[in-house]
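# Analysis of the macromolecular model
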Amino acid sequence: MLEAARKAKVPVAVHLDHGQDHEILIRAMKLGFSSIMFDGAHLQLEENIRQTNEISKIAKALGVSVEAELGKILRPEGGGDEEEEEEYDPDDIYTNPKEAKTFIENTNIDALAVAYGTAHGVYTKEPVLDFDRLQLIKDITGMPLVMHGGSGLDEAAYVKSIQCGIRKLNYYSNMAFEVANTIQSKLNENRAQNKKSYYHDLSKWAMEAIQEDIVRTMRIFGSAGKA
Ligand SMILES: [Zn+2]
């Protein structure tokens, strides 16, 4: 990843996501990652502040940017079953704007991951996003905000989120899902026509499908042509 990023014609960040173990975060920085996320969202506010500061001190000395998290983003990284989710009160788990202000004032970070209704993985039902909360967090902190669980929202939800302060979008599951679907239908097509499929076909189809999905996504996010 690092080698590919260095060789790229456009600036590419290599980021360690949802790091909790300081040792792993430090190893990533030593390898040359340009960005890390310390995920202390499960901690009490004071402890999240303390541990974020501990790691950001090292990151800053190395010129690595730091993302931290406040609030609970639904489902663990890598997805999971939505059916298993329990009922929740948004005020208990979404990012609290006042806490976000305290957090930003007491830490030295570059971006804040916020919870306002998105979930990791692919959505099985339309999520309800709390844009007013997002806008409020942006207004009182002025911090670039990060969306986790950016897979498969409708176009308008991305655009509105960006308008309300989202500056980094974590997007993967939907792409991975689309790529698998493409491969599956190409295999079926070949089988129906009595054509053989080979492993190298699969990698080619995967790369093409990824490219296509990323181009589409970058246009929606407004990031095309900005490098
Ligand atoms: Zn995440």
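Residues numbered from 1 in each chain as written. Predicted model: local features only at pLDDT ≥ 70, side-chain atom pairs only at ≥ 80, totals over all residues. Heavy atoms only, no water.

## Focus: the pairing of strand β6 (residues 166-169)
- Note that strand β5 (residues 145-147) and β6 share three bridges and pair parallel. Bridge pairing links L145 to I166 in β6.
- Read as a crossover between parallel neighbours, the route from β5 over helix α7 (residues 155-163) to β6 is right-handed. (Pairing = 2+ DSSP bridges. Helix = DSSP H or I, 4+ residues; strand = E, 2+ residues; numbered from the N terminus. Right-handed = clockwise from strand over helix to strand, strands pointing away.)

## Notes on the pattern of salt bridges
- All told, the structure shown has 10 salt bridges when counted by the stated rule.
- With its nearest N and O atoms 2.9 Å apart, the salt bridge here joins D130 to R133.
- On the accessibility criterion, R133 (12% relative accessible area) is buried.
- Linked by salt bridges that have partners in common, E47, R50 and E54 make up one network. (Salt bridge = Lys/Arg side-chain N within 4 Å of Asp/Glu carboxyl O. Buried < 20%, exposed > 50% of the residue type's maximum accessible area, 1.4 Å probe, protein only.)

## Some details on helix α8 (residues 173-192)
- If you check α8, its first and last C-alpha atoms are 29 Å apart, about what 20 residues at 1.5 Å a residue would give, namely 28 Å.
- At its buried positions, α8 is contacted by α9 (199-221). (Expected span 1.5 Å × (residues − 1). Contact = heavy atoms within 4.5 Å.)

## A look at the nonpolar core
- Core analysis: the biggest nonpolar cluster contains 51 residues, and I36 and L112 have the highest contact counts within it.
- Per-element tally for this core: the top contributor is α9, with five residues.
- Not counting residues up to four positions away in its chain, the partners in contact with L112 are A68, E69, L70, A100, F103, I104, M143, P144, L145 and V146. (Core = buried A, V, L, I, M, F, W, Y, C linked by side-chain atoms within 4.5 Å.)

## Remarks on a nonpolar patch on the surface
- There is a patch of nonpolar side chains on the surface, built from I26, I58 and L62 and spanning about 230 Å² of accessible area.
- By secondary structure assignment, the location of I26 is in helix α2 (residues 22-31). (Patch = residues over 30% accessible without salt bridge, like charges linked within 9 Å, V, L, I, M, F, W, Y side chains within 5 Å. Areas by Shrake-Rupley, 256 points an atom, 1.4 Å probe, with all protein chains shown as cover.)

## Considerations on the sheet that holds strand β4 (residues 111-114)
- Pairing is parallel in the open sheet, where six strands are placed in the order β1-β2-β3-β4-β5-β6. The two strands at the open ends of the sheet, each matched to only one other strand, are β1 (15-19) and β6. If you compare each strand with its neighbour and ignore which way they point, the axes differ by 30 degrees on average.
- Across the sheet, α7 lies against β5 and β6, angled at about 130 degrees from β6, the strand it touches most. (Axes fitted to C-alpha atoms, helices over the stretch in contact; angles between N-to-C directions.)

## Here's the deal with the environment of R167
- The topology assignment puts R167 in strand β6.
- Considering only alpha carbons, one finds R167 and F221, 54 residues apart in sequence, at a separation of 9.5 Å.

## Digging into unusual backbone geometry
- One non-glycine residue with positive phi stands out, namely H18, at about 50 degrees.
- Even without glycine at this site, N194 takes up a positive phi of about 55 degrees.
- For N194, the location among the structural elements is in the loop between α8 and α9.

## Considerations on the packing of aromatic side chains
- Applying the stated criterion to the full structure yields three aromatic pairs.
- With centroids separated by 6.2 Å and ring planes inclined at 85 degrees, the aromatic side chains of Y171 and F221 adopt a geometry described as edge-to-face. Of this pair, Y171 sits in the loop between β6 and α8 while F221 sits in helix α9; the two residues are 50 residues apart in sequence, bridging distant segments of the chain.
- Relative accessible area serves as the criterion here: at 16%, F221 is assigned to the buried category.
- Ring pairs connect the aromatic residues Y158, Y171 and F221, which therefore count as one cluster. (Phe/Tyr/Trp six-rings, centres within 6.5 Å; stacked < 30°, edge-to-face > 60°.)

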